[in-house]
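Structural features, examined
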Amino acid sequence: MTEKTHNKRKVIVMDFSGIYKEESFDVAEQTVEVLDCSDIKGTDGFCDEEAEEKLRTLLKEYDATGVHFIDNGNYHYLTTLWTEKIHEDFNLIIYDHHMDLRRPQFDRMLSCGSWIREEMVFNPHVRGIIVIGPSGEQKAGINAELMSLGEEYLPEEMKQNISGRKAAALKNGIPQDPLMKVGLYCFTDEDVQSGRARSHISSILRMMHLPIYISVDKDVLNQKELNTNWDQGTMSEAEFFKEIRHLVNAPELRIIGMDVCGEPPFKGVDTSHEDEIDIRASDEFNQKLIDLYYTKN
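Values in this document were obtained by computation on a predicted structure and should not be read as measured data.

**What to know about the overall build of the protein chain**
Looking only at helices and strands, the protein chain features 11 helices and 10 strands. Accessible surface computed for the protein chain: about 13800 Å², of which carbon and sulfur atoms make up 51%.

As structure tokens, then:
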């Protein structure tokens, strides 16, 4: 994307499953670019080293501004590839029913369930991460995951040697202790419904006084309103838009960019009537997010 597109409503669509061919992005004054990622192997749920290199090459000419659609929840790790393009300190706001903080099954490999760890360990500019919408059970597991944060990037002989971890971390390219560098906050869907989330998040953002990047996984919504390929939360679409509109409309907040995942399951053939309903609902939701984002940006 060249500089001349920055004054338009920039939308980047990363299509892995083919579902976006069934959706429309129809807004005036909008630059939509579709990146066909269907031929890149090693990307579904996990992103192997070869695929990661290909994706970085594909995204090389783009910056983090605008809205980026990144397919279903299996590709949420792509947020790390977008946010590594940000060259100033910022807060990362994540709407997701899952914490995505689990230690990866394969060390040093990006995955949809562990990408927040990558943000905390390697992104030098992320200062606060606010996750909105996980279940109470997901929130309860945070401390256990933080206890092993960064171990997947250490050599095996150093993982149990606490006194040598700092030196080993520096040797292996980990710039500093992520727990000292990044504040991690979690607000469950119950926190949203009670109003606690909004008041606390506003206080955190005012205190830190930094721009924000927003990442949305639509599995934060209840399944009756929108269907995704993961288990889902209890938030209604109205509640979600009420919360995110509060962020977008805050005059003191500058939004760098936003990405969106959580498309419904898509087989590509023999689409049923129910599948078509899911796709239309997801398409309409996407359009609402674009329109909301560009009310300010």
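Having seen the structure, we can now continue with the description.
**A closer look at the packing of helix 9 (residues 196-208) against helix 10 (residues 237-248)**
Two measures define how a pair of helices packs: the angle their axes make with one another and the distance between the axes. The interhelical angle for the contact between helix 9 and helix 10, taken along N-to-C directions, is 20 degrees, at an axis separation of 12 Å. Comparing their axes, helix 10 and helix 9 come out roughly parallel. Note on packing geometry: the crossing formed by helix 9 with helix 10 is right-handed. Residue-level inspection shows Arg198, Ile201, Ser202 and Leu205 of helix 9 in contact with helix 10, the latter providing Lys242, Glu243, His246 and Leu247. A breakdown of the residues in the contact of helix 9 with helix 10 according to their chemical character gives three nonpolar, two polar and three charged.

**Re the environment of Glu276**
For Glu276, the position within the fold is in helix 11 (residues 273-293). The exposure class of Glu276 is partly exposed, given its relative accessible area of 40%. Taking the C-alpha atoms as reference, Glu276 lies 8.8 Å from Glu22; in sequence the two are 254 residues apart.

**Observations regarding the pattern of salt bridges**
In the structure shown here, the tally under the stated rule is 13 salt bridges. In this structure, the salt-bridge partner of Arg117 is Glu145, at a minimum N-O distance of 3.6 Å. Here Arg117, found in helix 3 (residues 115-122), pairs with Glu145, found in helix 5 (residues 142-147); they are 28 residues apart in sequence, far enough to count as distant. Take Arg117: its relative accessible area is 0%, and that puts it in the buried class. In this structure Glu145 comes out as partly exposed when scored by relative accessible area, which is 23%. Put simply, Glu263 and Lys218 hold a salt bridge, and the shortest N to O gap is 2.6 Å. With Glu263 in the loop between strand 10 (255-261) and helix 11 and Lys218 in the loop between strand 9 (212-217) and helix 10, this residue pair connects regions lying 45 residues apart in the sequence. Owing to a relative accessible area of 0%, Lys218 belongs among the buried residues under this scheme.

**Focus: the packing of aromatic side chains**
Each aromatic ring pair is specified by the distance between its two centres and by the angle formed by the two planes. Counted under the stated rule, the structure contains eight aromatic pairs. With a centroid separation of 4.2 Å and an interplanar angle of 15 degrees, the aromatic rings of Phe16 and Tyr75 are classed as stacked. Of this pair, Phe16 sits in the loop between strand 1 (9-15) and strand 2 (30-36) while Tyr75 sits in the loop between strand 4 (66-69) and helix 2 (78-83), placing them 59 residues apart in sequence. Take Phe16 and Tyr75: they sit in the same class, and that class is buried. Aromatic ring contacts, followed pair by pair, group Tyr95, Phe240, Phe241 and Phe285 into a single cluster.

**Structural notes on unusual backbone geometry**
One non-glycine residue, Asp71, adopts positive backbone phi at about 75 degrees. Structurally, the position occupied by Asp71 is in the loop between strand 4 and helix 2. Residue class for Asp71 comes out buried when judged on its relative accessible area of 0%.

**Observations concerning helix 10**
If you check helix 10, its first and last C-alpha atoms are 16 Å apart, about what 12 residues at 1.5 Å a residue would give, namely 16 Å. Buried residues of helix 10: Glu237, Phe240, Phe241, Glu243, Ile244, Leu247 and Val248, and no others. Angular distribution of buried residues about the axis of helix 10 spans 165 degrees; they occupy a single face of the element. Exposed and oriented more than 90 degrees from the buried face of helix 10 are Ala238 and Lys242. Turning to helix 10, the residues buried within the fold contact strand 5 (90-95), helix 8 (189-194), helix 9, strand 9, strand 10 and helix 11.

Conventions we followed
- Each chain carries its own residue numbering, running from 1 in the direction its sequence is written.
- With the structure being a predicted model, the display of local features is reserved for residues of pLDDT at least 70 and the display and counting of side-chain atom pairs for 80 or more, all residues being used for whole-chain, interface and lining totals.
- Calculation of side-chain values draws on the structure's entire complement of heavy atoms; hydrogens and water are dropped beforehand.
- Per the convention used, a helix needs a DSSP run of H or I reaching at least four residues, while a strand needs a run of E reaching at least two, with both numbered from the N terminus.
- All accessibility values rest on the Shrake-Rupley procedure with a 1.4 Å probe; residue burial counts only the protein chains present in the view.
- Only the contacting stretch of a helix is used when fitting its axis, a line to C-alpha atoms as for every element, and angles between N-to-C directions run 0 to 180 degrees.
- An angle below 35 degrees is treated as roughly parallel, one above 145 as roughly antiparallel, one from 65 to 115 as roughly perpendicular, and anything else as oblique.
- Note: crossing handedness is left-handed where the near helix turns anticlockwise from the far helix by less than a right angle, and right-handed where it turns clockwise.
- The contact rule is simple, with two residues in contact once any of their heavy atoms fall within 4.5 Å.
- Note on residue classes: Ala, Val, Leu, Ile, Met, Phe, Trp, Tyr, Cys and Pro are nonpolar, Asp, Glu, Lys and Arg are charged, and everything else, Gly too, is polar.
- In this scheme, a residue with accessible area under 20% of its type's maximum is buried, one over 50% is exposed, and one in between is partly exposed, where area comes from a 1.4 Å probe on protein chains only.
- Just to be clear on terms, a salt bridge is a Lys or Arg side-chain nitrogen sitting within 4 Å of an Asp or Glu carboxyl oxygen.
- We call Phe, Tyr and Trp rings a pair once their centres come within 6.5 Å, taking the six-membered ring for Trp, and we label the pair stacked below 30 degrees between planes, edge-to-face above 60, and tilted otherwise.
- Expected helix span is computed as 1.5 Å times (number of residues minus one).
- The reported arc concerns the directions from the helix axis to the C-beta atoms and nothing else.

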